[in-house]
Amino acid sequence: MIVGNIVSKDKKIFIPASNGELLVFEYNELEMFEPVCSYNAQKAIWNTPLIDDKNEQIIFGSMDGYLYSVDDKCNLNWKYDTKSSIVGSPILEDGKIYFGGCDAQIYGIKTEDGKIHTTMDAENYIANSIVVVDSVAYVAHHGNRVAAFDLKKKKQIWEFGERDFPYFSSPAVTKDSVFAAGRDKRLYKINRKSGDGIWEFKTGNGIESSPVVSGDNVFVGSGDGSIYAVNIKSGKEKWSFELGDNIRSSPAIVDGKLVIGCDDGKIYCFNDSTKSQ
């Protein structure tokens, strides 16, 4: 079963699976194609593989606690043991690989050899992807809070939390704001510098879908079965569309279109600025 997001580079397609395999396919539009190779982690891969073009490697975390680096022929370059499950996807920032773990640690790993660059204790386990901008990590964690951490000074800058519900979706970060959505049914806009709440938007059920910002709107799916477009300045609903089943996947904006999956097994595509399908 595929549980992470599929990524591609050139004609190579990388697919993470729940049995711990990273499968590599080479696309051929004229015929069915089989995996050209695979790498077996010990447990499921729940996150999205990261393609590091500079170092010609594919990086992914596993529920076995390891962060892996392999080449496009599935040969292992290195692996780093966190001794705890990795759910969120790794990101590349300033030449380092950053991710959060279920051991509550924020990790910064050197791309070239997989050795530790920095760690910091978030004090609550992280079941999603973090965002790092200018050496500041923005984390929505299971301790019911959104927080910003200075990775150079190794200290927390601010913490935001209105209610005691955990965060499973990842934050979205813009120049001035952080957008986070939680199981308390709400989407929040937070001042990126101070951590003060600016507005909140309530949906009908808990949110595990990660918000995405495009233009003047922030988009998010909810457990109430609807996809919402919310104005980033006012926090008011611009439009919503009921899909009818729980939405746990995150929206993506591609060529001016919004694409999102639903628990009904279907993928939906919308105009970015309207609710027409």
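Here's a quick rundown of the structure. Quick caveat: nothing in here was measured; it's all calculated off a predicted structure.

## A look at the pairing of strand β8 (residues 76-81)
Here's step 1: As defined by bridge partners, strand β7 (residues 66-70) adjoins β8 across 5 bridges and the pair is classed as antiparallel. Opposite S69, over in β8, you have W78 as the bridge partner.
Here's step 2: Hairpin connection between β7 and β8: a loop of 5 residues separates the two successive antiparallel strands, and C74 in this loop has a positive phi of roughly 70°.

## Here we look at the nonpolar core
One recurring pattern in soluble globular proteins: nonpolar side chains tend to sit buried together.
Here's step 1: Formed by 14 residues in total, the largest nonpolar core has its most connected members in F14, L22, Y39, F60, Y68 and V70.
Here's step 2: Among all residues touching Y39, those that are not within four sequence positions of it are G20, E21, L22, F60, Y68, V70, C74 and L76.
Here's step 3: Listed in part, the 13 residues of the second largest apolar core include V136, A140, V146 and I190.

## What to know about unusual backbone geometry
Here's step 1: You will see that K83, though not glycine, has its phi angle at about 65°, which is positive.
Here's step 2: Here K83 shows up in the loop between β8 and β9 (91-93).
Here's step 3: K83 sits in the exposed class, given a relative accessible area of 69%.
Here's step 4: One non-glycine residue with positive phi stands out, namely D134, at about 50°.
Here's step 5: Mapped onto the elements, D134 comes out in the loop between β13 (131-133) and β14 (136-140).

## A closer look at the side chain of S62
Here's step 1: Along the chain, S62 falls in the loop between β6 (57-61) and β7.
Here's step 2: Not counting the four nearest positions on each side in its chain, S62 is found in contact with A41, K43, A44, N47, Y68, S85 and I86.

## Concerning the state of the cysteines
Here's step 1: Throughout the structure, instances matching the rule amount to 1 disulfide.
Here's step 2: Residue C262 stays outside any disulfide, its sulfur separated by 15 Å from that of C269, the closest cysteine.
Here's step 3: For C262, a relative accessible area of 9% corresponds to the buried category.

## Some details on the packing of aromatic side chains
Here's step 1: Applying the stated criterion to the full structure yields 13 aromatic pairs.
Here's step 2: Ring geometry for Y80 against Y107: centres 5.9 Å apart, planes inclined by 65°, an arrangement best described as edge-to-face. In this pair, Y80 sits in strand β8 while Y107 sits in strand β11 (residues 105-110), placing the two residues 27 residues apart along the sequence. For the pair Y80 and Y107, one class covers both residues: buried.
Here's step 3: Chaining the aromatic ring pairs together yields one cluster made of Y39, F60, Y66 and Y68.
Here's step 4: It is K79 that lies over the ring of Y66; its NZ or CZ is 4.5 Å from the centre.

Reading the values: the criteria
Residues numbered from 1 in each chain as written. Predicted model: local features only at pLDDT ≥ 70, side-chain atom pairs only at ≥ 80, totals over all residues. Heavy atoms only, no water. Pairing = 2+ DSSP bridges. Helix = DSSP H or I, 4+ residues; strand = E, 2+ residues; numbered from the N terminus. Core = buried A, V, L, I, M, F, W, Y, C linked by side-chain atoms within 4.5 Å. Buried < 20%, exposed > 50% of the residue type's maximum accessible area, 1.4 Å probe, protein only. Contact = heavy atoms within 4.5 Å. Disulfide = S-S within 2.5 Å. Phe/Tyr/Trp six-rings, centres within 6.5 Å; stacked < 30°, edge-to-face > 60°. Lys NZ or Arg CZ within 6 Å of the ring centre and 35° of its normal.

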